[in-house]
Amino acid sequence: MADTPQTPGNPAAGRPLSPHMTIYRWPATMMTSITHRITGVGLSLGILILAWWLIAISNGPDGWNAFHAVMNTPPGLLVLFGIAWALGYHLLSGLRHLAWDLGYGFDKKLSERNSVLIFGLSFLVAAGIFVLVWTGHAGYLQ
Amino acid sequence: MSSAQSPLRRTRNLGASHSGTGHFWRERITAAALVPLSLWFLYAVLGLAGTNVVTALRFLALPWNALLMAAFVLTALYHAALGLQVVIDDYVHTAGSKILLFLLVRISVIAAGSVSLFALLRIAAF
Ligand code: HEM
């Protein structure tokens, strides 16, 4: 922590400055913290697509086709992949938040390891979902 | 050290925001509920991916599926509104923009919730 220089007329003279985020190397836990927030905001937008999906289904074949005409395109699939990843990430990271709230998992080494684990697993979840669809293992409710 | 809270406020545990830990607690309750609900949601969406509208209509017309979908959407929307409020509180510092954004979040959430419920009712009656 740096001290502000002692200059006359500076009311904060000599007081310690609060830590500056920008001078630190980013540890994995800082990445997971901001990513939880980003995925939370992303999912809040994503749920609007879910509302549209429900409306589309309620509109019958026309609605269903209109929905797929937009979402079953490269940009549409990219958005869906993003949402799948965000949900997997936010779910895993949210579970860790709940564990923290109960007082578990604060050890520094453990949090670093769990952060890497959450990132890795979230991509596996998203990739897994798309692999299931593309290999014809989805659609089992038919 | 003397406290900024009046004794009455302190005994009511409400603090400066006049709402105490209520917001924090609702965010956790909805988060805990969303764990099983989002797993069910993934099961449902994956099961319907690549099928057709008749399959989706039949599936969502079943009472339990309609109820679980409604529970997922409403819980997620409530959780999202609580969460977005914290995000806005953290980054927006002028009263006017803050109130405007809070309103925007609430209106969007109520609109998305009503529209989703209406769609589910329509599907049930299809
Ligand atoms: C899948 C189950 C979910 C769990 C376990 C979960 C858990 C959590 C938890 C514990 C928090 C508080 C984090 C903190 O204190 O910083 C949070 C924040 C948030 N969640 Fe979720 N969540 C879930 C799903 C969702 C969904 C579906 C959405 C959106 C529709 C969402 C949107 C948000 C938002 C916007 C925040 C605020 C982020 C922040 O303050 O940084 N969450 N979630």
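As the structure is a prediction and not an experimental result, all values here were calculated from the model.

Criteria and thresholds
Residues numbered from 1 in each chain as written. Chains lettered and ligands numbered in written order. Predicted model: local features only at pLDDT ≥ 70, side-chain atom pairs only at ≥ 80, totals over all residues. Helix = DSSP H or I, 4+ residues; strand = E, 2+ residues; numbered from the N terminus. Buried ≥ 20, exposed ≤ 12 C-beta atoms within 10 Å, placed from the backbone. Contact = placed C-beta atoms within 7 Å. Nonpolar A, V, L, I, M, F, W, Y, C, P; charged D, E, K, R; others polar. Axes fitted to C-alpha atoms, helices over the stretch in contact; angles between N-to-C directions. Near = placed C-beta within 6 Å. Core = buried A, V, L, I, M, F, W, Y, C linked by C-beta atoms within 7 Å. Expected span 1.5 Å × (residues − 1). Bend = angle between axes of the 7 residues up to and from the residue.

Draft legend 1. Molecular detail of the overall build of chain B. When helices and strands are tallied, chain B shows 5 helices and 0 strands. The order of helices and strands in chain B, counted from the N terminus, is α-α-α-α-α. Burial statistics for chain B: of 126 residues in total, 21% are counted as buried. Across chain B, contacts joining residues at least 24 apart in sequence account for 69% of those joining residues at least 6 apart.

Draft legend 2. Up close: the interface of chain B and chain A. Taken together, the 31 residues of chain B in the interface contact 30 residues of chain A. If you list the elements that add at least two residues to the side of chain B that touches chain A, you get α2 (22-48), α3 (53-61), α4 (63-91) and α5 (95-124) of chain B. Top contributing element to the side of chain B that touches chain A by residue count: α2 of chain B, with 8 residues. Of the residues belonging to the side of chain B that touches chain A, the class tally is 22 nonpolar, 7 polar and 2 charged.

Draft legend 3. Spatial organisation of the packing of helix α1 (residues 28-58) of chain A against helix α2 (residues 60-71) of chain A. All names here are of chain A. Put simply, α1 and α2 touch, their axes get as near as 6 Å, and they point 145° apart. Residues W52, W53, I55, A56, I57 and S58 of α1 pack against G63, W64, A66 and F67 of α2. Its residues assigned to classes, the contact of α1 with α2 shows 8 nonpolar, 2 polar and no charged.

Draft legend 4. Expanded view of the site of the ligand. As a matter of local geometry, the ligand sits amid 25 residues, with R37, G40, L43 and G94 of chain A together with G83 of chain B nearest to it. Mapping the residues adjacent to the ligand onto the chains of the assembly identifies chains A and B. Looking at the shell around the ligand, the elements with two or more residues in it are α1 and α3 (74-101) of chain A together with α2 and α4 of chain B.

Draft legend 5. Broad picture of the nonpolar core. Grouped together as the largest cluster of nonpolar side chains are 43 residues, with contacts concentrated most on I47, I57 and A84 of chain A together with A76, L77, A80 and A81 of chain B. For this core, the secondary-structure elements that each account for two or more residues are α1, α2, α3 and α4 (108-134) of chain A together with α2, α3, α4 and α5 of chain B. Among residues more than four places away in sequence, those in contact with A84 of chain A are A126 and I129 of chain A.

Draft legend 6. Structural detail: the environment of S38 of chain B. Along the chain, S38 of chain B falls in helix α2. Sequence separation between S38 of chain B and V73 of chain B is 35 residues; the distance between their C-alpha atoms is 9.5 Å. Look past the residues within four positions of S38 of chain B in its chain and what remains in contact with it is L87 and L91 of chain A together with F72 of chain B.

Draft legend 7. Just α4 of chain A, in detail. The terminal C-alpha atoms of α4 of chain A, which comprises 27 residues, lie 39 Å apart, in line with the 39 Å expected from a rise of 1.5 Å per residue. Within α4 of chain A, the full set of buried residues consists of N114, S115, I118, S122, A126 and I129 of chain A. Of the surrounding secondary structure, the elements contacted by the buried residues of α4 of chain A are α1 and α3 of chain A together with α2 of chain B. Count one or two residues on from α4 of chain A and you reach G136 of chain A, which has phi positive near 75°.

Draft legend 8. The arrangement of α2 of chain B in detail. Residue and element names in this part refer to chain B. The first and last C-alpha atoms of α2 sit 37 Å apart over 27 residues, in line with the 39 Å expected at 1.5 Å per residue. Within α2, the axis deviates most sharply at L34, by approximately 35°, and proline P36 lies no more than four positions further along. Here α2 has its buried residues at T30, A31, L34, V45 and L48. Following α2 by one or two positions, G50 has its phi on the positive side, about 75°.

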